[in-house]
Amino acid sequence: MQLESLYQEIILDHYRHPHRKGLREPFDAEVHHVNPTCGDEVTLRVALKDAAGEPVVADVSYDALGCSISQASTSVLTDMVVGKTVAEAMDVSAEFLALMQSRGEGEPDEDVLGDAVAFEGVAKYPARIKCALLGWMAWKDATARALAEADPGAKDNS
Amino acid sequence: MTAASETVRLGGAPLSPLDTEAVRADFPILGRAVRGGHPLIYLDSGATSQKPRQVLDAERDFYTVHNAAAHRGNHLLAEETTDAYEGSRVRVAEFIGADPGEIIFTKSATEALNLVAYAMSNAATAGPEAERFRVGPGDEILVTEMEHHANLVPWQQLCLRTGATLRWFGVTPEGRLDLSNADELINDRTKLVAVTHQSNVTGAVPPVADIARLAHARGALVVVDGAQSVPHRSVDVAALGADFLAFSAHKMLGPSGIGVLWGRRELLEAMPPYVTGGSMIEVVRMEGSTFLPPPERFEAGVPPAAQAVGLAAACDYLDGIGMARLHAHEEALTAHGLEAVAAIPGVRVLGPLTTENRGGALSFVVDGVHPHDVGQVLDELGIAVRTGHHCAWPLHRALGVQATTRATFYLYNTHDEVDALADGIRQAQKFFGAA
């Protein structure tokens, strides 16, 4: 079976033992995203902090209903972005999106993606890409809102 | 009739069982291999059915020999195409016991339902003959919690456009329609009742004829979504007691891109159009236009002749099998599926657990394994099922689940495939450590 290439052990581990699950205070923005094809949903909060004038991801907390791929992917996301500057985290997110859109032809950069390289196999199953992206898209959205909240002028520059 | 009976009696004469092997030989796609070289086990006919050679050949023959624009031009091909298109209308009418003038070809069952919903709001600006289609504040449109989104959202939107109120029948925990408050829900304010003829999730078959009787007693129109019934059992519009019936070709062995709206002639004659343009007009002047009688009034644009021909061939194929024989086969598969799947520890089947008033849709949840993941494991075994809410989100919510895995059976499915499904579910449980 090819299932093991899709459901790599890292994915199953995160699915069974998700990191940073649960909604926490404080937070700067909260979003609710839904995958309309299956009804999977995630409520995700982002807390930012300022480090030498640069926004840094202080915490990502979430509550989610969904399949193993979406749950694991959201868990891995928190590992990959918390503690990074928003700019660095956005780079990781862009790399993950590129991997998902590679149709399995991509060369994932483990230095950038860390555990998220385990989702390489998902890119070969177009119906599952949205599952893997659910949490990441929610995080991007929440972060953009948090930034706009902190600096209302930032919206105009984006 | 017991579900697992090998023969059914029709008018006293025993009916031989369906020859699945012969049927399968007519469907080229069933011979292909899928992931990992597994033979295809197609359990997603509720989403779309596969097509027999006879339908493919009819469409190919039409394009190869006759193709032109129906109802336009006076050359030979145009004439042949018009004959083929109109001949298909006659064939489809015969299939459901209707008059050909009452058959409107649409692009889908969804469009057929929208056609009625939009005709009702267009009635506001139509002549006095359209009076009975007008709805506004104080009027009620009655639907059910069991509907596919295609028979729910158009009515929500109609209410938004007109100010009418949307009301609905709930469902029982067993997934049946809860008719306990029917007397209150169907009242003098009710202008239209829209109900499914068979749930695409639970297979539950509501008592449509009874509902239609109650609705008609209050002067309400009755719209039936037959997308899951017409492909699977003999449907006769006279016995149905409804005013409109919508269904689509692609779920009944026909091509995609064509659906059907059947409507009572006197209603269609009074009903304003939905899509307007070429083909549906009587006289066009710059100041305004008049429209043709039905069915042409509701068929703007160059008609889908090849698809209609394919649909007619599908009707021929289904009648060749016999809808009673087909239904008996599906009922036996459903009984087998209910037994095999519901018996797996940690699996819950939604909807009725017997085949009584229940069609061949088997939706279930597996403790600890998300439907997407169940579907993924089944796919790896060559078994095609649907996962998600199957365009019936409110029904899933009502039954307390977020999503389900759904297997649907049709004439080409076998008992071995049902067993493979049950085995696949057990493998998914094992893979995810849920068993």
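Residues numbered from 1 in each chain as written. Chains lettered and ligands numbered in written order. Predicted model: local features only at pLDDT ≥ 70, side-chain atom pairs only at ≥ 80, totals over all residues.

Caption draft 1: View of the overall build of chain A. A tally of helices and strands in chain A yields 7 helices and 3 strands. Starting at the N terminus and ending at the C terminus, chain A contains elements arranged as α-α-β-β-β-α-α-α-α-α. Considered along the principal axes of its C-alpha atoms, chain A spans approximately 50 × 30 × 25 Å. Looking at chain A as a whole, 38% of its 158 residues are labelled buried. (Helix = DSSP H or I, 4+ residues; strand = E, 2+ residues; numbered from the N terminus. Buried ≥ 20, exposed ≤ 12 C-beta atoms within 10 Å, placed from the backbone.)

Caption draft 2: Inspection of the overall build of chain B at higher detail. When its secondary structure is counted, chain B shows 14 helices and 17 strands. Its C-alpha atoms give chain B a radius of gyration of 22 Å, near enough to 22 Å, the size a compact globule of 435 residues would have. Reported as C-alpha extents along the three principal axes, the dimensions of chain B are approximately 70 × 55 × 45 Å. Buried residues in chain B amount to 52% of all 435 residues. Considering only intrachain contacts with a sequence separation of at least 6, the fraction spanning at least 24 residues in chain B is 71%. (Rg over C-alpha atoms; globule rule 2.2 N^0.38 Å. Contact = placed C-beta atoms within 7 Å.)

Caption draft 3: Highlighting the domain arrangement of chain B. Residue and element names in this part refer to chain B. Domain boundaries in chain B define domain 1 (8-51 + 322-431) and domain 2 (56-318). For domain 1 versus domain 2, the separation of C-alpha centres amounts to 28 Å. Contacts between the two partners involve 28 residues from domain 1, matched on the other side by 31 residues from domain 2. Listing elements by their share of the side of domain 1 that touches domain 2, those giving two or more residues are helix H11 (323-342), strand E14 (361-366), helix H13 (393-398) and strand E17 (404-408). Sort the elements by how many residues they give to the side of domain 1 that touches domain 2 and H11 lands first, with 6 residues. (Domains from an automatic or database assignment.)

Caption draft 4: How the structure looks around the packing of helix H4 (residues 86-100) of chain A against helix H6 (residues 126-150) of chain A. All names here are of chain A. Direction vectors running N to C along H4 and H6 enclose 155°, while the axes themselves pass 11 Å from each other. Classified by the angle their axes make, H4 and H6 are roughly antiparallel. Where H4 crosses over H6, the two elements pack in a sense that is left-handed. Residues Val86, Ser93, Phe96, Leu97 and Met100 of H4 pack against Ile129, Ala132, Leu133, Trp136, Lys140, Thr143 and Leu147 of H6. Among the residues forming the contact of H4 with H6, the class breakdown is 9 nonpolar, 2 polar and 1 charged. (Axes fitted to C-alpha atoms, helices over the stretch in contact; angles between N-to-C directions. Parallel < 35°, antiparallel > 145°, perpendicular 65-115°, else oblique. Left-handed = near helix turned anticlockwise from the far one by under 90°. Nonpolar A, V, L, I, M, F, W, Y, C, P; charged D, E, K, R; others polar.)

Caption draft 5: Region of interest: the interface of chain B and chain A. Of the residues lining the interface, 16 residues belong to chain B; the matching set on chain A comes to 12 residues. Broken down by secondary-structure element, the contributors of at least two residues to the side of chain B that touches chain A are helix H12 (371-380), strand E16 (386-388) and H13 of chain B. A total of 5 residues in the side of chain B that touches chain A trace back to one element, the largest contributor, which is H12 of chain B. In the side of chain B that touches chain A, the residues fall into 4 nonpolar, 9 polar and 3 charged.

Caption draft 6: How the structure looks around the pairing of strand E6 (residues 165-169) of chain B. Residues and elements named next belong to chain B. The pairing of strand E5 (residues 140-144) with E6 spans 5 bridges and is parallel. Residue Val143 lies in a different strand from E6, and its bridge partner there is Trp168. In the classification by handedness, the crossover that spans E5, the intervening helix H5 (residues 153-162) and the parallel E6 is right-handed. (Pairing = 2+ DSSP bridges. Right-handed = clockwise from strand over helix to strand, strands pointing away.)

Caption draft 7: Main features of the nonpolar core. In this structure, Val193, Val223 and Ala314 of chain B are the most contacted members of the largest nonpolar core, which totals 128 residues. Considering every element that reaches this core, the biggest residue donor is helix H10 (residues 305-321) of chain B, with 11 residues. Split by domain, the residues of this core number at least three in each of domain 1 (8-51 + 322-431) and domain 2 (56-318) of chain B. Once you skip the residues sitting within four places of it in the chain, Val223 of chain B turns out to touch Leu113, Val116, Leu192, Ala194, Ala242, Asp243 and Phe244 of chain B. Counting 38 residues, the second largest nonpolar core, distinct from the first, contains Val31, Val42, Val122 and Trp136 of chain A. (Core = buried A, V, L, I, M, F, W, Y, C linked by C-beta atoms within 7 Å.)

Caption draft 8: Region of the structure containing the environment of Ala132 of chain A. Within the fold, Ala132 of chain A resides in helix H6. Considering only alpha carbons, one finds Ala132 of chain A and Ser5 of chain A, 127 residues apart in sequence, at a separation of 15 Å.

Caption draft 9: Spatial organisation of the environment of Ala384 of chain B. Residues and elements named next belong to chain B. Mapped onto the elements of the fold, Ala384 is located in strand E15 (residues 383-384). Residue classification places Ala384 among the partly exposed residues on the basis of 16 C-beta atoms within 10 Å. Sequence separation of Ala384 and Val401 is 17 residues, and the distance between their C-alpha atoms is 21 Å. Discounting chain neighbours no more than four positions away, the residues touching Ala384 are Leu40, Ile41, Tyr42, Leu43, Asp44 and Asp379.

Caption draft 10: Expanded view of the sheet that holds E17 of chain B. Residues and elements named next belong to chain B. The 4 strands lie next to each other as E13-E14-E17-E16, forming an open sheet whose pairing is antiparallel. The open sheet is flanked by strand E13 (347-349) and E16, the only strands paired with a single partner. Across the sheet, the mean angle from the axis of one strand to that of its neighbour is 30°, orientation sign disregarded. The pairing of E16 with E17 spans 3 bridges and is classified as antiparallel. Across the sheet, the residue bridging to Arg386 is Arg406, located in E17.

Caption draft 11: Fine view of helix H4 (residues 109-122) of chain B. All names here are of chain B. Relative to the 20 Å expected for 14 residues at 1.5 Å per residue, H4 spans 20 Å between its end C-alpha atoms, a close match to the ideal helical length. Among the residues making up H4, those that are buried are Ala109, Thr110, Glu111, Ala112, Leu113, Asn114, Leu115, Val116, Ala117, Ala119, Met120 and Ser121. Tucked into the core, H4 has its buried residues touching strand E4 (103-106), H5, strand E8 (221-225), strand E9 (244-248) and strand E10 (259-263). (Expected span 1.5 Å × (residues − 1).)

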